[in-house]
There are 2 protein chains.
Amino acid sequence: MSFFPSALDRLVEKFASLPGIGMKSAQRLAFHMLSLSDDAANDFAAAIVEAKKKVHYCRICQNLTDEDECLICRSPHREKGVVCVVADPKDVAAIERAREYNGRYHVLHGVISPLNHIGPDDIKIKELVERVADGGIDEIIMATNPDTEGETTAKYISRLLKPFGVKVTRLAYGIPMGASLEFADDATLMRAIEGRQEI
Amino acid sequence: MSFFPSALDRLVEKFASLPGIGMKSAQRLAFHMLSLSDDAANDFAAAIVEAKKKVHYCRICQNLTDEDECLICRSPHREKGVVCVVADPKDVAAIERAREYNGRYHVLHGVISPLNHIGPDDIKIKELVERVADGGIDEIIMATNPDTEGETTAKYISRLLKPFGVKVTRLAYGIPMGASLEFADDATLMRAIEGRQEI
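Attention here is on the structure that accompanies the text.

1. Focus on the sheet that holds strand β6 (residues 167–170) of chain B
All names here are of chain B. Taken together, the four strands give an open sheet; going across it, the order is β4-β3-β5-β6, and neighbouring strands pair in parallel fashion. Where the open sheet ends on each side, the last strands, each with one partner, are β4 (104–107) and β6. Within this sheet the neighbouring strands show an average axis-to-axis angle of 25°, counted without direction. Along the sheet, helix α7 (residues 148–161) makes contact with β3 (82–86), β5 (139–142) and β6, crossing β6 at roughly 170°.

Structure (structure tokens):
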């Protein structure tokens, strides 16, 4: 039996259904919500509804946007011939923060993962192939994570795109900046040696 | 500059404003919200609005309820003469879980805390004094937490209630069940010895 009114129980349940939020945290969050002013609580609810209603995928790159095409795809200053393929919108934000890349993106919204029943048709690969088939793209930079699933996805896509004669590259692997060799793992060191460059 | 649509940024901000949620968690929660179905997201928003609208304080004990009087105050099976004073609705739930107490409650919604600028008028003390003044109450059990602020609040309230000739008691202090003496702190051991009882 619960000792809270049912409307509060329902809110606790909702919070507990979020990833990484347990029952205790959900309770704390629900109580916090009740302690807010009416306006602040309604604002919170409206932000959820609005984000869900307004945010969708960019027609071209599948990144999140509230317009038909995202800011990057609309920008006249970005190279149209280079497309960086990432698994997640958060990866776009990470690469943009580095201020080094000036091409466009393609967001897959996932990686191929047979263990989780995610096949090539479950992520935005078809849309990428169509973009390449439409022409005007010289280079595809695969920027999925350097783990098994990311690698598999990168390999799979590069094989799909080869027939179009487009250059497919992969982000460099190596020692991260500021790290010490001593603590680098074997796999990273191996890749760093393989990928050594003349200075 | 943010790389997400503004509606998404706003949702991330809202989540980040919750207690114990940092920017990274807020981002994860916002993305999770976008990944829900329209119905599920709207349900979540509605749960917030509804809880905020329906849940208020019980007219008698100030506990959270969605009716005029809470379940416990309405119950004919609970002793009307005993009132357990707690700081927080969560404490009511904790005591109810113990299935030992059969009186009513009074929820203060906080404790006196000069450091946080919370004085006696900022919590539900006036309502408690009115209840006692109305008569019919024989015993007040102070069940605030055994820390400085909880103690101060208990002392303050017991002094206020003395003139009404009501008996004011305090929860017993001692070694928690299942704990080992070896690891009990000095203050707890001292209280346990002071409060020893014949068996």
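Picking up where we left off.
2. Digging into the interface of chain A and chain B
Across the contact, 49 residues belong to chain A and 49 residues belong to chain B. Interface of chain A and chain B: buried area, both sides summed, is about 4,600 Å²; carbon and sulfur atoms make up 73% of it. Taken as a group, Phe3, Ile48 and Lys52 of chain A account for 15% of the area that chain A buries against chain B, more than any other trio of residues on that side. For the pair chain A and chain B, the number of links is five salt bridges.

3. Some words on helix α5 (residues 89–97) of chain B
Residues Pro89, Val92, Ala93, Ile95 and Glu96 of chain B constitute the buried set of α5 of chain B. End-on view of α5 of chain B: buried residues confined to an arc of 165°, all on one side of the axis. Those residues of α5 of chain B hidden inside the fold are in contact with α2 (23–35) of chain A together with β2 (64–65), α4 (71–74), β3 and β4 of chain B. Measuring from the side-chain oxygen of the N-cap residue of α5 of chain B to the backbone nitrogen of Lys90 of chain B gives 3.0 Å; that N-cap residue is Asp88 of chain B. Positive phi appears at Arg99 of chain B, one or two residues downstream of α5 of chain B, with a value of about 55°.

4. Here we look at the packing of helix α6 (residues 125–133) of chain B against α7 of chain B
All names here are of chain B. Taken N-terminus to C-terminus, the directions of α6 and α7 make an angle of 35°; their axes are 11 Å apart at the nearest point. Crossing angle aside, the handedness with which α6 passes α7 is right-handed. Residues Ile125, Leu128, Val129 and Val132 of α6 form the contact with α7, whose participating residues are Tyr156, Ile157, Leu160 and Leu161. When the residues that make up the contact of α6 with α7 are grouped by side-chain class, the tally is eight nonpolar, no polar and no charged.

Scoring rules and cut-offs
Residues numbered from 1 in each chain as written. Chains lettered and ligands numbered in written order. Predicted model: local features only at pLDDT ≥ 70, side-chain atom pairs only at ≥ 80, totals over all residues. Heavy atoms only, no water. Pairing = 2+ DSSP bridges. Helix = DSSP H or I, 4+ residues; strand = E, 2+ residues; numbered from the N terminus. Axes fitted to C-alpha atoms, helices over the stretch in contact; angles between N-to-C directions. Contact = heavy atoms within 4.5 Å. Buried area = accessible area lost by both parts, 1.4 Å probe. Salt bridge = Lys/Arg side-chain N within 4 Å of Asp/Glu carboxyl O. Buried < 20%, exposed > 50% of the residue type's maximum accessible area, 1.4 Å probe, protein only. Arc of directions from axis to C-beta. Polar contact = N/O pair within 3.5 Å; in protein donor to acceptor, adjacent residues only side chain to side chain. Left-handed = near helix turned anticlockwise from the far one by under 90°. Nonpolar A, V, L, I, M, F, W, Y, C, P; charged D, E, K, R; others polar.

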